[in-house]
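Now for the letters of each chain:
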Amino acid sequence: MKVHLDLVTIVVDDYDRAIDFFVGALGFEPAEDAPSLTNDGRPKRWVVVRPPGGGTGILLARADGERQAAVVGDQVAGRVGFFLRVDDFEAAFERMTAAGVEFVTAPRKEPYGQVAVFRDIAGNRWDLLGPA
């Protein structure tokens, strides 16, 4: 049986700003952007971005209500919860920095490779990971 993780959700406060960040700053590709409805019939969008070449996508879900708005930027309680692996760490770091991505740690070398922590458009913490 073949299994893969297709999507993860990141709760955001604005679809278009999130798309601009993930596509423009991180280099993801837009995969889907279609009108949809909430479970109770209100309009929303189904917005998916994916890293180049496919792989697990991110469903950008606009916060709906106070409870969801409260988790924007804190989906994993302040921990690094997302990991972006790149082949060329230095080039990715420079491109992302030039695009205005906020890095909260300087690049460093670990046994598993190069790493620097950054925040996404919502404030969630990510590891940018590169080869050792």
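Residues numbered from 1 in each chain as written. Predicted model: local features only at pLDDT ≥ 70, side-chain atom pairs only at ≥ 80, totals over all residues. Heavy atoms only, no water.

### Description of the environment of Ala-77
- Relative to the assigned elements, Ala-77 resides in the loop between helix H2 (66–69) and strand E5 (80–85).
- Judged by relative accessible area, Ala-77 falls into the exposed class, the value being 67%.
- For the pair formed by Ala-77 and Trp-126, sequence separation is 49 residues and the distance between their alpha carbons is 13 Å. (Helix = DSSP H or I, 4+ residues; strand = E, 2+ residues; numbered from the N terminus. Buried < 20%, exposed > 50% of the residue type's maximum accessible area, 1.4 Å probe, protein only.)

### A short note on the packing of aromatic side chains
- All chains considered together, the criterion is met by eight aromatic pairs.
- Ring centres of Phe-103 and Phe-118 lie 5.6 Å apart, and the angle between their planes is 55°; on these two criteria the pair is classed as tilted. With Phe-103 in strand E6 (residues 102–103) and Phe-118 in strand E8 (residues 113–119), the pair connects residues that are 15 residues apart, well separated along the chain.
- Relative accessible area serves as the criterion here: at 18%, Phe-103 is assigned to the buried category. (Phe/Tyr/Trp six-rings, centres within 6.5 Å; stacked < 30°, edge-to-face > 60°.)

### Topic: the nonpolar core
- Grouped together as the largest cluster of nonpolar side chains are 26 residues, with contacts concentrated most on Phe-22, Leu-60, Phe-118, Trp-126 and Leu-128.
- Breaking this core down by element, the ones donating at least two residues are strand E1 (7–12), helix H1 (15–25), strand E3 (43–50), strand E4 (57–62), E5, helix H3 (89–98), E8 and strand E9 (125–130).
- Ranked by residues supplied to this core, first place goes to H1 with six residues.
- What Leu-60 contacts, discounting residues up to four positions off in sequence, is Ile-10, Val-12, Tyr-15, Ala-18, Ile-19, Phe-22, Val-47 and Val-49. (Core = buried A, V, L, I, M, F, W, Y, C linked by side-chain atoms within 4.5 Å. Contact = heavy atoms within 4.5 Å.)

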